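Chain by chain, the residues:
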Amino acid sequence: MKSRSFFDASRRFAPRLLFVAVLCCSALLPRAHAQNTALDYNADTKAYEAYRTDMEGADQKIADEIKAHSELVKNLEYLSTQIGPRLTGSPQMQKASQWTLQRFQDYKLDAHLESTEVPHAFYRGDDAAEILAPVSRVIPIHSIGWGKATDGAVTGPVVFVDFKTLSEMDKPPSSWKGAILCLGGLPFGGTPSATPENAYDAVIPPPHGVPKAPAFNFRRFGKIIQNLIDSGAAVVLMDSGKPDGLFNMFSFGPYTPSAVPIALVTHSDYELLDRLCKAGAVTMKVNLKGTFSAGPVPAAITVAEIKGSKLPEERVIIGGHLDSWDLGQGSLDNGTGAMAVLEAARTLKALDWQPLRTITFILFTGEEEGGLGASLFMKNHAAEIPKMDAALIHDTGTGKVLSIALEGLYSTAPQMAQIYLPIQEVFDLQPLSTRFFGASDHVEFLVAGVPAYFCIQAPAHYGEAHHSQADTFDLVVPDEINQGAGVMAAWAWNVAQLPEPFPHHAPPKSGGPF
Ligand SMILES: [Zn+2]
């Protein structure tokens, strides 16, 4: 019955698709990807009306297919429970790569892994910490990712240092030697920069997008870190910055052991240490036990595709990272996004439609440490970048998609409006968001000049779960993440069928907005 009803739908769409194909293959193609290409609505009003009507029908069928046959939650449960958290380069991540490859193939997609290596895998140890004086209290502690182990259990005085007040020319004071340094004020490990809660803070676009925070001074930071290394401190502690005893894992690193042992404590314990230090001398014992692989380990992205029928060399990309931090189960950051991409692939394949452009599904790795997987894809496919139409990333948990962020790409608003209106209608979205979010795998596409966007989602505990031990499967809301899979599939389909390709932008000289 399914394939028969699809056949009927295809025939209904066929004349319009043919018209779209003629449009693409004639006057518009030579301008493909020219910067600042604008849609000529007046000339092609009827074509765009037909496009929107067709996409609305197609997007509804996508929603119906997911409602009837979604395997997303089943897949996410397996990923979270049977494989678990997935640090880049870890055995679990390698298992997840193989498993997702198999799942794409189970759904009859062409799929493969693209592999690289990271210098070392990090194996978390059973870290321990205890305040010895003036009170006695065992506190939870976790090494940062790729954090060097301490030299056994180390005991020392607690010293508070604020990065913001340190000068790059400061020499490390002798009081740091052998100390347990509590380092505050660093722009790492705090609240995620892209929280859905503030998605609509700026609804009126400023002329050049929402400005980013002042640039971080890496030279100053490097000097201070060097001072920390030179100081002979026993261990550096940092504040997780979250309520309710939640950790907020991060790393500094290029997959190599940190120069000094660095660990996170909960915000409440960091505050406790601060109050104790203000009252007098404090002594602590810390034992960090992380270990590393002796040499490089494999890291892979999973890539699948449905080949385009008319413009196979043009590529529409939807993706999400499969890697995660390791304190929880990696369910909301980003098992949900990865499994939404897998479900979008299953859905489009089940509908058995032939897109005009190739639709590519990517499950990235190394996102948490800085975008290794997205960089790998761009490197492996550098020659194809001019034909990458656009990318959309899902990476903020289980909450329903509320909108799509333009990421400062105002020149693409005409195309996005055409694509977005049918999706908005079918999936009950709010207007397009004008925010710049950054902070996920779409950034590597943006810096290469490829239009790339980010799903804005309902909070649904993401702020708490993000990088913490509370990132667990029980928080998944099936209806909401299934809606996200529908939005991803519909967006991919609507871009794949668009009469004109997206305009690329000039790669920025330094970061976004674009
Ligand atoms: Zn993420």
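Located above this text is the structure these notes cover.
Residues numbered from 1 in each chain as written. Predicted model: local features only at pLDDT ≥ 70, side-chain atom pairs only at ≥ 80, totals over all residues. Heavy atoms only, no water.

**Describing the coordination of the zinc ion**
Right, so step 1: Here the zinc ion is held by His321 (NE2), Asp333 (OD), Asp395 (OD) and Asp395 (OD), and the distances to it run 1.9 to 2.7 Å.
Right, so step 2: Relative to the metal, the four donor atoms surrounding the zinc ion lie at angles of 51 to 150°, and the coordination shape comes out irregular.
Right, so step 3: Along the chain, the residues that donate to the zinc ion are spaced as H-x11-D-x61-D. With a gap of twelve residues between them, His321 in strand β13 (residues 311–321) and Asp333 in helix α7 (residues 331–351) connect regions that are remote in the sequence.
Right, so step 4: Given the relative accessible area of 3%, Asp333 is considered buried. (Donors = N, O, S within 2.8 Å, 3.2 Å for Na, K, Ca; no water. Tetrahedral: all angles 85-135°; square planar, octahedral: opposite > 155°, others 65-115°. Helix = DSSP H or I, 4+ residues; strand = E, 2+ residues; numbered from the N terminus. Buried < 20%, exposed > 50% of the residue type's maximum accessible area, 1.4 Å probe, protein only.)

**Regarding the pattern of salt bridges**
Right, so step 1: In this structure the tally under the stated criterion is 16 salt bridges.
Right, so step 2: Asp389 is the salt-bridge partner of Arg357, the closest N and O atoms lying 3.5 Å from each other. Separated by 32 residues along the polypeptide, Arg357 in strand β14 (residues 357–364) and Asp389 in strand β15 (residues 388–393) bring together distant segments of the chain. For the pair formed by Arg357 and Asp389, the shared burial category is buried.
Right, so step 3: Connected through salt bridges with shared partners, the residues Glu71, Lys74, Arg103 and Asp106 form a single ionic network. (Salt bridge = Lys/Arg side-chain N within 4 Å of Asp/Glu carboxyl O.)

**Concerning the packing of aromatic side chains**
Right, so step 1: Scanning the entire structure with this criterion turns up 14 aromatic pairs.
Right, so step 2: Ring centres of Tyr78 and Trp99 lie 5.0 Å apart, and the angle between their planes is 25°; this geometry places the pair in the stacked category. Highlighted residues: Tyr78 in helix α3 (residues 72–83) and Trp99 in helix α4 (residues 91–106), separated in sequence by 21 residues.
Right, so step 3: Here Tyr78 falls in the partly exposed class, since its relative accessible area comes to 34%.
Right, so step 4: A ring pair is formed by Trp353 and Trp493, whose centres lie 4.8 Å apart and whose planes are at 55°; its orientation type is tilted. (Phe/Tyr/Trp six-rings, centres within 6.5 Å; stacked < 30°, edge-to-face > 60°.)

**Remarks on the sheet that holds strand β6 (residues 154–162)**
Right, so step 1: Here eight strands make up an open sheet; going across it, the order is β4-β3-β10-β6-β7-β8-β9-β5 and the pairing mixed. Across the chains shown, the open sheet's two edge strands, defined by having one partner strand only, are β4 (137–139) and β5 (142–143).
Right, so step 2: Looking at chain direction, strand β3 (residues 128–133) and strand β10 (residues 283–287) are connected through five bridges and run antiparallel. Within the sheet, the bridge partner assigned to Ala128 lies in β10 and is Asn287. (Pairing = 2+ DSSP bridges.)

**Re the nonpolar core**
Right, so step 1: Counting 90 residues, the largest nonpolar core has Ile62, Phe361, Phe445, Tyr453 and Trp491 as the members making the most contacts within it.
Right, so step 2: Take this core: its biggest share by element is eleven residues, from helix α12 (residues 478–496).
Right, so step 3: In terms of nonpolar packing, the next biggest core, distinct from the first, is built from 31 residues, Val161, Trp176, Ala233 and Phe247 among them. (Core = buried A, V, L, I, M, F, W, Y, C linked by side-chain atoms within 4.5 Å.)

**Things to note about the state of the cysteines**
Right, so step 1: What the rule picks out here adds up to zero disulfides.
Right, so step 2: This cysteine, Cys277, is not joined by any disulfide, and Cys182 carries the nearest cysteine sulfur, 6.3 Å off.
Right, so step 3: Residue classification places Cys277 among the partly exposed positions, given a relative accessible area of 22%. (Disulfide = S-S within 2.5 Å.)

**Looking at the sheet that holds β15**
Right, so step 1: Strand order in the open sheet made by the seven strands is β1-β12-β14-β13-β15-β17-β16, with mixed pairing throughout. Of all the strands in the sheet, just β1 (110–118) and β16 (401–405) have a single pairing partner and so form its edges. In this sheet, adjacent strand axes meet at a mean angle of 25° when their direction is disregarded.
Right, so step 2: In the sheet, strand β12 (residues 297–306) pairs with β14 via five bridges, with the strands oriented antiparallel. Its bridge partner lying in β14, Ile306 is registered against Ile359.
Right, so step 3: Helix α8 (residues 372–380) rests against β1, β12, β13, β14 and β15 of the sheet, and its axis sits at about 110° to β1. (Axes fitted to C-alpha atoms, helices over the stretch in contact; angles between N-to-C directions. Contact = heavy atoms within 4.5 Å.)

**What to know about α12**
Right, so step 1: Given a rise of 1.5 Å per residue, 19 residues ought to cover 27 Å, and the 27 Å separating the end C-alpha atoms of α12 matches this to within 8%.
Right, so step 2: The buried count for α12 comes to 16 of 19 residues, which makes it a mostly enclosed element. (Expected span 1.5 Å × (residues − 1).)

**Thoughts on α8**
Right, so step 1: Taken as a whole, α8 has its buried residues at Gly373, Ala374, Leu376, Phe377 and Met378.
Right, so step 2: Buried positions along α8 lie against β1, β12, β13, β14, β15 and α10 (442–446).

**Focus: the environment of Gly463**
Right, so step 1: With respect to the element layout, Gly463 can be found in helix α11 (residues 462–465).
Right, so step 2: In this structure Gly463 comes out as partly exposed when scored by relative accessible area, which is 24%.
Right, so step 3: Here the alpha-carbon distance between Gly463 and Gly397, two residues 66 residues apart in the chain, equals 9.0 Å.

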